[in-house]
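The residues making up each chain are set out below.
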Amino acid sequence: MVKRKLGALEKVDADLANLQNKIKRDPRSYHTDFSHQYIQYENQRQIFMQAPTAASDTGVISFRDLIEFVAHVSDCYKNETKEFPGQLIEILSTHHASLEPELREKIVGSLVLLRKKEIIDSLTLLQCFFPILISTPSKSLRALLFQKIISDLRGANAKSANHKLNKSVQTTLHNLVTEDRTSSRALWAIKITREMWKRQIWTDAKAVEIMKEAAVSDNEKCVVGGVRFFLGGDKEREELEDESSDEEAVDMGRLRHQIGVNKKSKKAERRLEKAAATVRKREKKKGQPHPLNFSALHLLHDPQGFAETLFTKHLQAAKSRLNLEQKLLVLQLVSRLIGLHKLTVLSFYSYFLKYLTPRQPSVTSFLASLAQATHNLVPPDVLEPLVQKIANEFVSEAAAGEVAAAGLNAIREICVRQPLAMNDTLLQDLVMYRKSKDKGVMMAAKGLLGLYRQVGAEMLKKRDRGKDASLGLRSGDQKQQRFGEETVGEIEGLELLERWKEEEKQRKRLEKGLPADGEDDEDEEDEDEEDWNAWDVQEDDSDDSGGWINVESDDEINISDSEDEKPSTKKVRFDAEASTSDDKENEATDEVKEDGVEGPEKTKSNLATTRILTPADLAKLQELRTTSSVSSLMKNHKSHHTSRAEQTNAQRHIDDPLTAAEIEGLASLSRGKATRAQKLALLEEHKADREDHKSKAARKKERKESEGKSTTNKEKARKKNFLMTLGKAKSKGKRSLVEHRKILKAHVARQKKGGKRGNRE
């Protein structure tokens, strides 16, 4: 009986599928057949709505097939099926908890199909799915609805951003988070927002506001979800972008060859068309400008208020229900906000005092958070007790090497961001640890010494300052930065462009037979004409296409220990240029101070404030920067490394977080070494890959032979018969000094001409 019923249902299903294909080809001819099936659907629906839980298996199966049939052909009969989407929404919204799983899944799929056929819009579909997602107890239904919501939002924003839909959905999610801060239903808002952020569909401040509200909620899971978004959401987005950019390219030539060789079929043609569309889409995507992906931390509306709320609610409050791991996440977020936006939360620093002890679990994370929350606008009086406590608790002769190294690294990271937090006495004490026998402590102390040679050399003793710092202090070029002082921003390499323009101007005047230093109206007219012509420069003329870089030759680089010798150059200079350069050198020598150190500071270029830089100027500026950087690296100038170090100290860890592994230093690296048991397990794992009873040399020989490499002369000599080498060995011992000298001279001459087969002139 059961088999007979199943056979009848399968027959009905096949008939519906056949009728569905016929209706799609010719809707008018099969209108009567559709009406008959739609009446059956109405009857089944009324029976089901009267008793949803009491429906029989055969009734559920037939009702499910009829729903699928009507959903597929509803675009052919829009007037007859105008109430069909509302009926499905009513069934799903009212009876989703008691529906049979397959029927429930079929209704969800039918609603998505109606959305693809544009019978209903995305807003209607999402308004149906959201309440069910946050209320249903079924895990499978939640996963299905979440997947359909994400895919629908992605499809709606595929061609262009659907701002109306995005705004409506974001408002719904925001209200879901803020309505009940103690409920865990807001987790779905966090998951949807994080997924849309990762796929770069939502990149605005509204999405960040949703996660901000989640981070300050009262539910622990919602707090962790919101905090993790700010700490790792941007990294997830970059990783997904890298994965999508590394997709394998479609080999169009191979596909065309396969179609030409194999039997021609429509399937192969469709594959070729699909591959061609993929290639066109990828090329079009390459030509589009890269979107400006701002970090979530930069899109916050009120970072000061957000940081204060997080600190007072989750860290300072005695009623906070977060455990230590969750508190560390919140602490990292607050410190990132303070360091990135240079906020002022003075009570935040006193919070660390009770945690700065080696016995505290995860103490390196606390140290990293403290260093991360330090910036140049934090008062030194607030940081000085913290630095003193770290030195007292961690850095001592009785402390273990790992502990002392972590303390010194933490102090250095704090002082990188605020050098004024250190006093002279403590600095002298800490610098003495550079003579420690522990490598980690020694490196940490040397790092602290190297830092203060750049930012506060006057705090060090004369013997510890080094040559560059001593000269900088004597000349007045190196000064300790005052509290709240900011460096003036300028365009990198602008003085190179100004110097190049001046040289070009002098060269043109000398070609005309005019003095190099003079100026007239013709020069101004020529400059104006060049400026107008420079706006028509095409982008293809840039140096990015891979041209040669003009770098000084090896002959121009003088490697000499004598300070009196000057580098000789092969560049041709005009007489006027030589005279002007000599005058400038004479002026510079007159301005030297009595102690023998140059006095005047380097004047900053005012080119950016006096004229508009054209595209040609910017292209030339990039070329001059590249040439200058390569030349400085070849010459190994100390001034170049000093400027790079100062820039690194000023901009370090503004965008990248500071981790506990950086505070631990060498200890984290040694902890990552494999134990003896792990090494043995690794050997056992790879034991099957190599043959038994073979040494390392034998395996190396086999590998070289498989790669097509021959043996060396030394290896061949080792295999030679002993009797064959005996005569040569005896004759070596009987050589006279004259013969030995003759052989050595011949060897030297042979090496100079390139060996036995060297090229003879």
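What counts, and where the lines are drawn
- Residues numbered from 1 in each chain as written.
- Predicted model: local features only at pLDDT ≥ 70, side-chain atom pairs only at ≥ 80, totals over all residues.
- Heavy atoms only, no water.
- Helix = DSSP H or I, 4+ residues; strand = E, 2+ residues; numbered from the N terminus.
- Buried < 20%, exposed > 50% of the residue type's maximum accessible area, 1.4 Å probe, protein only.
- Areas by Shrake-Rupley, 256 points an atom, 1.4 Å probe, with all protein chains shown as cover.
- Salt bridge = Lys/Arg side-chain N within 4 Å of Asp/Glu carboxyl O.
- Axes fitted to C-alpha atoms, helices over the stretch in contact; angles between N-to-C directions.
- Parallel < 35°, antiparallel > 145°, perpendicular 65-115°, else oblique.
- Contact = heavy atoms within 4.5 Å.
- Nonpolar A, V, L, I, M, F, W, Y, C, P; charged D, E, K, R; others polar.
- Phe/Tyr/Trp six-rings, centres within 6.5 Å; stacked < 30°, edge-to-face > 60°.
- Polar contact = N/O pair within 3.5 Å; in protein donor to acceptor, adjacent residues only side chain to side chain.
- Left-handed = near helix turned anticlockwise from the far one by under 90°.
- Core = buried A, V, L, I, M, F, W, Y, C linked by side-chain atoms within 4.5 Å.
- Domains from an automatic or database assignment.
- Expected span 1.5 Å × (residues − 1).
- pLDDT = per-residue confidence, 0-100.
- Patch = residues over 30% accessible without salt bridge, like charges linked within 9 Å, V, L, I, M, F, W, Y side chains within 5 Å.
- Lys, Arg positive; Asp, Glu negative; His and termini not counted.
- Charge placed at Lys NZ, Arg CZ, Asp CG, Glu CD.
- Arc of directions from axis to C-beta.

Caption draft 1: Main features of the overall build of the protein chain. Each helix and strand counted, the protein chain has 36 helices and 0 strands in total. Residues classed as buried in the protein chain amount to 34% of the 761 residues present. Of the roughly 49,500 Å² of accessible surface on the protein chain, a fraction of 50% belongs to carbon and sulfur atoms.

Caption draft 2: Layout of the pattern of salt bridges. Across all of its chains, the model carries 16 salt bridges by this definition. Glu195 is the partner of Lys198 in a salt bridge, and the nearest nitrogen-oxygen pair spans 3.8 Å. A residue pair is termed a helical-turn pair when its members lie 3 or 4 positions apart in one helix, as Lys198 and Glu195 do in helix α9 (residues 186-198) at 3 residues. The partly exposed category is assigned to Lys198, whose relative accessible area is 23%. As a salt-bridge pair, Glu195 and Arg199 come within 2.9 Å of each other at their nearest N and O atoms. What emerges from the salt-bridge pattern is a single network uniting Arg64, Glu100 and Glu102.

Caption draft 3: Just the packing of helix α3 (residues 57-73) against helix α5 (residues 101-116), in detail. Between α3 and α5, the least distance of the axes is 9 Å, while the angle of their chain directions is 5°. By the angle class used here, α3 and α5 are roughly parallel. Within the contact between the two elements, α3 uses Val60, Phe63, Arg64, Ile67, Glu68, Ala71 and His72 and α5 uses Glu102, Leu103, Lys106, Ile107, Ser110, Leu113 and Leu114. The residue inventory of the contact of α3 with α5, partitioned by class, reads 8 nonpolar, 2 polar and 4 charged.

Caption draft 4: Region of the structure containing unusual backbone geometry. For Lys342, which is not glycine, the phi dihedral falls at a positive 55°. Structurally, Lys342 is set in the loop between α15 (324-341) and α16 (346-350). Positive phi, close to 55°, is recorded for Ser362, a residue that is not glycine. Position of Ser362 relative to the elements: it lies in the loop between α16 and α17 (363-372). Given the relative accessible area of 37%, Ser362 is considered partly exposed.

Caption draft 5: Layout of the side chain of Gln372. Checked against the element boundaries, Gln372 lands in helix α17. Taking relative accessible area as the criterion, Gln372 reaches 6% and is therefore assigned buried. Setting aside its immediate chain neighbours within four residues, Gln372 contacts Gln332, Ser335, Arg336, Gly339, Arg417, Pro657 and Leu658.

Caption draft 6: Layout of the packing of aromatic side chains. Applying the stated criterion across every chain, the model contains 18 aromatic pairs. Plain terms: the ring middles of Phe230 and Phe306 are 5.5 Å apart, the flat faces sit at 50° to each other, and that makes the pair tilted. A residue pair is termed long-range when its members are at least 10 positions apart, and Phe230 in helix α11 (residues 220-245) and Phe306 in helix α14 (residues 303-316) qualify at 76 residues. Its relative accessible area of 1% is what places Phe306 among the buried residues. Relative to Phe348, the ring of Phe311 has its centre 5.4 Å away and its plane inclined at 75°; by these criteria the two rings are edge-to-face. Of this pair, Phe311 sits in helix α14 while Phe348 sits in helix α16, placing them 37 residues apart in sequence. Judged by relative accessible area, Phe348 falls into the buried class, the value being 0%. Aromatic rings pair up to connect Phe34, Tyr38, Tyr41, Phe48, Phe63, Phe69, Tyr77 and Phe84 into one cluster.

Caption draft 7: Geometry of the environment of Ser350. As for its position among the elements, Ser350 is in helix α16. Sequence spacing of Ser350 and Pro385 is 35 residues, and the spatial spacing of their C-alpha atoms is 9.2 Å. Among the polar contacts made by the side chain of Ser350, one reaches the main-chain carbonyl oxygen of Ser347 at a distance of 2.9 Å.

Caption draft 8: Looking closely at the packing of helix α6 (residues 122-135) against helix α7 (residues 139-156). Contact geometry of α6 with α7 gives a least axis separation of 10 Å together with a crossing angle of 155°. Taken together, the axis directions place α6 and α7 in an arrangement best described as roughly antiparallel. For the crossing formed where α6 meets α7, the hand is left-handed. Note on element contacts: α7 touches α6 through Leu141, Arg142, Leu145, Phe146, Lys148, Ile149, Asp152, Leu153 and Ala156, opposite Ser122, Leu125, Leu126, Phe129, Phe130, Ile132 and Leu133. Classifying every residue of the contact of α6 with α7 gives 12 nonpolar, 1 polar and 3 charged.

Caption draft 9: Structural view of the nonpolar core. Leu111, Phe129, Ile192, Phe230 and Met422 are the most contacted members of the largest nonpolar core, which has 140 residues in total. Lining this core are residues from two domains, each supplying at least three of them: domain 1 (11-120) and domain 2 (339-475). Apart from residues no more than four positions distant in its own chain, Phe129 is found in contact with Leu92, Val108, Leu111, Val112, Leu145, Lys148 and Ile149. Core analysis: the second largest hydrophobic core is formed by 7 residues, Leu494, Leu607, Leu621 and Leu624 among them.

Caption draft 10: Inspection of helix α4 (residues 84-95) at higher detail. Taking 1.5 Å per residue as the helical rise, α4 with its 12 residues ought to reach 16 Å, and the 17 Å between its terminal C-alpha atoms agrees with that figure. Residues of α4 that are buried: Phe84, Pro85, Gln87, Leu88, Ile89, Ile91, Leu92 and His95. Close packing links the buried residues of α4 with α2 (31-50), α3, α5 and α6.

Caption draft 11: Quick peek at the confidence of the model for the protein chain. In this model, the protein chain carries an average pLDDT of 78, and 75% of its residues clear a pLDDT of 70 or more. Note on residues 538-546: pLDDT under 50 across the span, and 3 contacts to partners over four residues away in sequence or across chains. Residue range residues 553-602 is modelled with pLDDT below 50. Its contacts to residues more than four positions away, or to other chains, number 37 contacts.

Caption draft 12: Summary view of a positive patch on the surface. Side chains of Lys266, Lys267, Arg270 and Arg271 sit close together on the surface and give a patch of like positive charge. Along the polypeptide, Lys266 turns up in helix α13 (residues 266-287). Under the relative-accessibility criterion, Lys266 is labelled exposed at 64%.

Caption draft 13: Main features of the side chain of Ser335. Looking at the element boundaries, Ser335 is found in helix α15. At 2.8 Å, the side chain of Ser335 and the backbone oxygen of Gln332 are in polar contact. Non-local contacts of Ser335, meaning those with residues more than four positions away in its chain, are made with Phe348, Ser369, Gln372 and Ala373.

Caption draft 14: How the structure looks around the environment of Val227. Considering the arrangement of structural elements, one finds Val227 in helix α11. On the basis of relative accessibility, which here comes to 1%, the residue Val227 falls in the buried class. Residues Val227 and Val330, spaced 103 residues apart in sequence, show a C-alpha to C-alpha distance of 6.4 Å. Setting aside residues up to four positions removed in sequence, Val227 forms contacts with Ala215, Leu329, Val330 and Leu333.

Caption draft 15: Spotlight on helix α8 (residues 163-179). The end-to-end C-alpha separation of α8 is 24 Å, in line with the 24 Å expected for 17 residues at 1.5 Å each. Among the residues of α8, those classed as buried are Leu165, Asn166, Val169, Gln170, Leu173, His174, Leu176 and Val177. Angular distribution of buried residues about the axis of α8 spans 160°; they occupy a single face of the element. Exposed residues lying more than 90 degrees from the buried face of α8 are Lys164, Lys167 and Glu179. The inward-facing, buried residues of α8 abut α6, α7, α9 and α10 (205-215).

Caption draft 16: Representation of the environment of Asp65 in the model. Structurally, Asp65 is set in helix α3. In this structure the C-alpha to C-alpha distance between Asp65 and Leu103, which are 38 residues apart in sequence, comes to 9.2 Å.

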